[in-house]
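Take a look at the letters that make up each chain.
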Amino acid sequence: QVQLVESGGGLVQAGDSLRLSCAASGPTFPSYAMGWFRQAPGKERELVAAISWGGGRTEYADSVKGRFTISRDNAKKTVYLQMNSLKPEDTAVYYCAAGGTLATLARGYWGQGTQVTVSV
């Protein structure tokens, strides 16, 4: 079993950067694909970025390509989301997820979420 704890959210202005972290517990962390989802008020949860267990494959939502970067440090059991050039439409609760594959992330383990608010 994997437990996930997100951190790094906050209130920033448009154009600023933030780095989210997701610390995982459990001995099997390196074998899990990891991802970041977000949910804005009144909207469905969407996949923002995902990374394979070894880090060799990454996926991004079109809306964040070129601005966000996902990475992982298996030795530290941590996955990161570097967010640059933030926009007000990036405002959401960001959730970390762990799953067996990139395709099954949503059916795996979830963190409690961290709020990101981007002001104009």
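Scoring rules and cut-offs
Residues numbered from 1 in each chain as written. Predicted model: local features only at pLDDT ≥ 70, side-chain atom pairs only at ≥ 80, totals over all residues. Heavy atoms only, no water. Helix = DSSP H or I, 4+ residues; strand = E, 2+ residues; numbered from the N terminus. Rg over C-alpha atoms; globule rule 2.2 N^0.38 Å. Buried < 20%, exposed > 50% of the residue type's maximum accessible area, 1.4 Å probe, protein only. Salt bridge = Lys/Arg side-chain N within 4 Å of Asp/Glu carboxyl O. Disulfide = S-S within 2.5 Å. Phe/Tyr/Trp six-rings, centres within 6.5 Å; stacked < 30°, edge-to-face > 60°.

**Student:** I tried to follow the overall build of the protein on my own but got confused; where do I start?
**Tutor:** Looking only at helices and strands, the protein features zero helices and eleven strands. In sequence order, the protein lays out its α and β elements as β-β-β-β-β-β-β-β-β-β-β. Taken over the C-alpha trace, the protein has a radius of gyration of 13 Å; the compact-globule value for 120 residues is 14 Å, and the two agree within 12%. The dimensions of the protein, computed from C-alpha atoms along their principal axes, are 40 × 25 × 25 Å. Out of the 120 residues in the protein, the part that is buried amounts to 43%.

**Student:** Could you clarify how one ought to interpret the pattern of salt bridges in this entry?
**Tutor:** Side chains carrying opposite charge are able to pair once their charged atoms draw close together. The full count for this structure, using the stated rule, is five salt bridges. Between Arg 38 and Asp 90 there is a salt bridge whose closest N-O contact spans 2.9 Å. Linking Arg 38 in strand β4 (residues 33-39) with Asp 90 in the loop between β8 (78-83) and β9 (92-99), this pair joins segments that are 52 residues apart in sequence. Here Arg 38 and Asp 90 have matching classes, each one buried. Salt bridges sharing common partners tie together Arg 38, Glu 46, Arg 67 and Asp 90.

**Student:** Explain the state of the cysteines here, please?
**Tutor:** The term disulfide refers to a covalent linkage connecting the sulfur atoms of a pair of cysteines. For the structure on display, the rule yields one disulfide. Bridging Cys 22 to Cys 96, the disulfide has an S-S length of 2.1 Å. Its torsion about the S-S bond being -85 degrees, the disulfide of Cys 22 and Cys 96 is classed as left-handed. A residue pair is termed long-range when its members are at least 10 positions apart, and Cys 22 in strand β3 (residues 18-25) and Cys 96 in strand β9 qualify at 74 residues. Neither residue differs from the other here; Cys 22 and Cys 96 are each classed as buried.

**Student:** Would you mind going over the packing of aromatic side chains with me for this structure?
**Tutor:** One pair of aromatic rings is described through two measures. These are the centre distance and the angle between the planes. Scanning all chains against the criterion turns up three aromatic pairs. Arranged with centres 4.8 Å apart and planes meeting at 55 degrees, the rings of Phe 37 and Trp 110 form a pair that is tilted. Highlighted residues: Phe 37 in strand β4 and Trp 110 in strand β10 (residues 109-110), separated in sequence by 73 residues. What makes Phe 37 buried here is its relative accessible area of 9%. A residue is classified by how much of its surface remains accessible, and Trp 110, at 28% relative accessible area, is partly exposed. What links up through ring pairs into an aromatic cluster is the set Phe 37, Tyr 95 and Trp 110.

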